[in-house]
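So the chains spell out like this:
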Amino acid sequence: MIVIGTILLCLPAASSTGESVGFLSAFFSATSAVCVTGLSVLEIGTAFSLFGQMVMLILIQLGGIGFMTATSMVYMLIGRRITLKDRIVIKDSLGETHLQGVVRMTRSVLIVTAAAEAAGILLLSLRFIPEYGAARGFYYSVFHSISSFCNAGFDVFGLGNSLVSYAYDPLVTITIMSLITVGGLGFFVVVELYRKTLLGHKYHLKLHTKIVLITSGVLVLAGFLFFLAFEWNNPRTLGAEGLSTGDKVLGAMFQSVTPRTAGYATIPQGDLMPASKIATTALMFIGASPSGTGGGIKTTTAVMLLFLVATIVTGKKDTVVMKRRMSKDVMMRAITIATIAFVFVGFITMLLCIVEQSHLAASDLLFETVSAFATVGLSTGITHALSPMSQILIIITMFAGRVGVFTVSMAVAKRMSKQDVSNIRYPEERVMIG
């Protein structure tokens, strides 16, 4: 998808000037769209023609719902049977544990996507159509609804400031926050909530859904209170002259939601207080939830690590969450994902610091790297200033973040492994820790 997108975006027809935007810029944009990141070295609202913007929109939609889900939709439309091999791949892509009901789950994903994006289009049209006219207003509504639900964060206003112009417009910001949240919760959780609504007390939510809902709620609330406190008197953000208490509350809430891999900004990220930048970086690193449109190490991974630490500190044998014992495989996977992600982000940040030397601040480069890895799209404003080598590093980071560092590591490990030594067990030895 990235290769095809790059070729299409390289065409003169995709450019607003009639001249190709260049291979690297097209490659960066296509990768960012498929990986639903939102970082861009170009202002797509002005750099790309309508054709180029439509290519970006299609890439965002396919990247958001997943390639196998999109393929399954085509199979359903043409009446082709979904084979066992296809079902296995779909199961893995959706994070399911059983083959049974995979096709039904795929249908549910498509229905949730269509319903959420349609609702977003309708609500955003109430603002954009009166402001921009019927055709342009509807197009803006469609683009930003899909971009929000897929947690991509691209805008086509061409102003270069994301959603800063609508920072204190409740209709636009609340609609986009809702789309970001639904997309970031994960399709499995949304479908579970729908079934719970229909069946009431007869349907019991699974542990995964409970963890995702509680963790997401805690992160959003904690982020909201943090940004409200630290940015309240910052004259460049929430402390700007003329802002009411309601405006500040809305701004803090959006800043808490958007690091969950959305990428839209109503506050210039470069103007945040240092503590707020660190908090935003942490929220981006955690990201959204599994089987959704967002990135990051995922909320469930973060929770498993916290419970594992609590288990070790308290000296318990099993890691227990809500009266359920967690399997060793789940805990080891959580540790692996977090460790690889931490090392990967640190390594890429170090390379960026070497490439850019003293041109850009290390803190801004770390912010950019985490944003790319977690497929967020927030930036302190340095994306356009990155050198070609740094752009390539960010492209690699976006790809690894979207595919998943665990998946990439497993693929590399299998390639490098020349023989199966799984049956060999070596003598045990103890090493001093701490």
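Quick notes on the rules
- Position labels on residues start from 1 in each chain and follow its written sequence.
- Note on the predicted model: pLDDT of at least 70 is required for a residue's local features to be given, and 80 or more for side-chain atom pairs to be given and counted; whole-chain, interface and lining totals, by contrast, use all residues.
- Side-chain calculation: all heavy atoms of the structure are included, whereas hydrogens and water are not.
- Numbered from the N terminus, helices here are DSSP runs of H or I no shorter than four residues, and strands are runs of E no shorter than two.
- We compute the radius of gyration over the C-alpha atoms and compare it with the globule rule, which gives 2.2 Å times the number of residues raised to the power 0.38.
- Using a 1.4 Å probe on the protein chains alone, a residue whose accessible area is under 20% of its type maximum counts as buried, one over 50% counts as exposed, and one in between counts as partly exposed.
- Any pair of residues with heavy atoms lying within 4.5 Å of one another is described as a contacting pair.
- For a helix, the expected span equals 1.5 Å multiplied by the residue count minus one.
- Charge convention: Lys and Arg are scored as positive, Asp and Glu as negative, and His as well as the terminal groups of each chain are ignored.
- A side-chain nitrogen of Lys or Arg and a carboxyl oxygen of Asp or Glu constitute a salt bridge if their distance falls within 4 Å.
- Here a patch means residues that are over 30% exposed by relative accessible area and free of salt bridges, tied together within 9 Å if like-charged and within 5 Å if nonpolar (Val, Leu, Ile, Met, Phe, Trp, Tyr).
- In these tables, accessible area is a Shrake-Rupley quantity obtained with a 1.4 Å probe, and a residue counts as shielded only by the protein chains included in the view.
- To define axes, lines are fitted to C-alpha atoms, for helices over the stretch in contact only, and angles between the resulting N-to-C directions are given on a 0 to 180 degree scale.
- When describing relative orientation, an angle under 35 degrees is termed roughly parallel and one over 145 degrees roughly antiparallel, while 65 to 115 degrees is termed roughly perpendicular and anything else oblique.
- When residues are grouped by polarity, Ala, Val, Leu, Ile, Met, Phe, Trp, Tyr, Cys and Pro land in nonpolar, Asp, Glu, Lys and Arg in charged, and all others, Gly among them, in polar.
- Two rings belonging to Phe, Tyr or Trp (six-membered ring only in the last case) form a pair when the distance between their centres is within 6.5 Å. Interplanar angles under 30 degrees mark stacking, angles over 60 mark edge-to-face geometry, and anything in between is tilted.
- Two helices that cross are described as forming a left-handed crossing if the nearer one is turned anticlockwise from the farther one by less than a right angle, and a right-handed crossing if clockwise.

Q: I'm lost on the overall build of the protein in this one. Help?
A: If you tally the helices and strands in the protein, you get 18 helices and two strands. In summary, the protein has a C-alpha radius of gyration of 22 Å against a globular reference of 22 Å for 434 residues, a match within 12%. Each principal axis of the C-alpha atoms in the protein carries an extent, and together these give about 70 × 55 × 50 Å. Per-residue burial for the protein yields a buried fraction of 51% across its 434 residues. Of all intrachain contacts in the protein linking residues separated by at least 6 positions in sequence, the fraction that spans at least 24 positions is 68%.

Q: Just checking my understanding: could you explain helix H16 (residues 362–373) for this structure?
A: In an α-helix, one turn spans 3.6 residues, which is why side chains three or four residues apart end up on the same side. In a regular helix each residue adds 1.5 Å, so 12 residues correspond to 16 Å; H16 covers 16 Å between its end C-alpha atoms and thus fits that length. The buried fraction of H16 amounts to nine of the 12 residues, a majority that puts the element mostly inside the structure. For H16, the full list of buried residues reads Asp364, Leu365, Phe367, Glu368, Thr369, Val370, Ser371, Ala372 and Phe373. Thr375, located one to two residues past H16, shows a positive phi value of around 50°.

Q: Explain the side chain of Asp247 to me, please; I cannot follow it from the model alone.
A: As for its placement among the helices and strands, Asp247 is situated in helix H12 (residues 245–257). There is no salt bridge for the buried Asp247, and the closest opposite charge comes from Lys248, which lies 9.3 Å off by N-O distance. Apart from residues lying up to four places away in sequence, Asp247 is in contact with Tyr168 and Gly242.

Q: What exactly am I supposed to notice about helix H2 (residues 23–34) here?
A: In this model H2 runs 16 Å from its N-terminal to its C-terminal C-alpha over 12 residues, within 8% of the 16 Å that 1.5 Å per residue would give. With nine of 12 residues buried, H2 is to be regarded as a mostly interior element. Of the residues making up H2, those classed as buried are Ser25, Ala26, Phe28, Ser29, Ala30, Thr31, Ser32, Ala33 and Val34. Buried residues belonging to H2 abut helix H1 (2–10), helix H4 (50–65) and helix H17 (388–403).

Q: Teacher, can you tell me more about a nonpolar patch on the surface here?
A: Where nonpolar side chains cluster on the molecular surface, the patch consists of Ile4, Leu8, Leu11 and Phe51 and spans about 330 Å² of accessible area. Inspection of the secondary structure puts Leu11 in the loop between H1 and H2. The exposure class assigned to Leu11 is partly exposed, which follows from its relative accessible area of 35%.

Q: Help me understand the packing of H16 against H17, please; the structure alone is not making it clear to me.
A: Helix packing geometry: the angle between the two helix axes and the distance between the axes. Interhelical geometry of H16 versus H17 gives an angle of 40° and a closest axis separation of 7 Å. The orientation of H16 with respect to H17, classified from their angle, is oblique. Taken together, the residues of H17 that come into contact with H16 (itself represented by Glu368, Thr369, Ala372 and Phe373) are Ile394, Thr397, Met398 and Gly401. Considering only residue class, the contact of H16 with H17 consists of four nonpolar, three polar and one charged.

Q: Looking at this structure, I do not really get unusual backbone geometry. What am I missing?
A: Negative phi is the rule for most residues except glycine; trans is the rule for most peptide bonds. Here Asn151, not a glycine, exhibits a phi torsion of approximately 60°, which is positive. Within the secondary structure layout, Asn151 lies in the loop between helix H8 (134–149) and helix H9 (170–185).

Q: Can you walk me through the pattern of salt bridges in this structure?
A: Close approach of charged atoms allows side chains with opposite charge to pair. A complete count under the given rule lists three salt bridges for this structure. One salt bridge in this structure joins Glu192 and Lys206, with 3.7 Å as the shortest N-O distance. You can see Glu192 sitting in helix H10 (residues 187–199) and its partner Lys206 sitting in the loop between H10 and helix H11 (207–231), a full 14 residues away along the chain. Lys277 is the partner of Asp364 in a salt bridge, and the nearest nitrogen-oxygen pair spans 3.8 Å. Of this pair, Asp364 sits in helix H16 while Lys277 sits in helix H13 (residues 274–286), and the two are 87 residues apart along the sequence. There is no split in this pair, since Asp364 and Lys277 are both buried.

Q: I would appreciate a short explanation of the packing of aromatic side chains in the present structure.
A: The way to describe two aromatic rings as a pair is by their centre distance and the angle between their planes. Within the structure shown, the criterion is met by 15 aromatic pairs. Pairing Tyr140 with Phe157 gives two aromatic rings, centres 5.2 Å apart and planes at 75°, and the pair type is edge-to-face. Residue Tyr140 is found in helix H8, and its partner Phe157 is found in the loop between H8 and H9; the two are separated by 17 residues along the sequence. Taking the centre distance of 5.4 Å and the plane angle of 35° together, the rings of Phe157 and Tyr166 count as tilted.

Q: Even after reading the chapter, I still don't get the packing of H13 against H16, so can you show me in this structure?
A: Across the interface, H13 lies against H16 with an axial gap of 9 Å and an inter-helix angle of 25°. Of the possible angle classes, the one that applies to H13 and H16 is roughly parallel. The handedness of the crossing between H13 and H16 is left-handed. Residues Lys277, Thr280, Thr281, Met284 and Phe285 of H13 pack against Asp364, Phe367, Val370, Ser371 and Phe373 of H16. Here the residues of the contact of H13 with H16 are counted per class, giving five nonpolar, three polar and two charged.

Geometric values such as these leave the question of function open.
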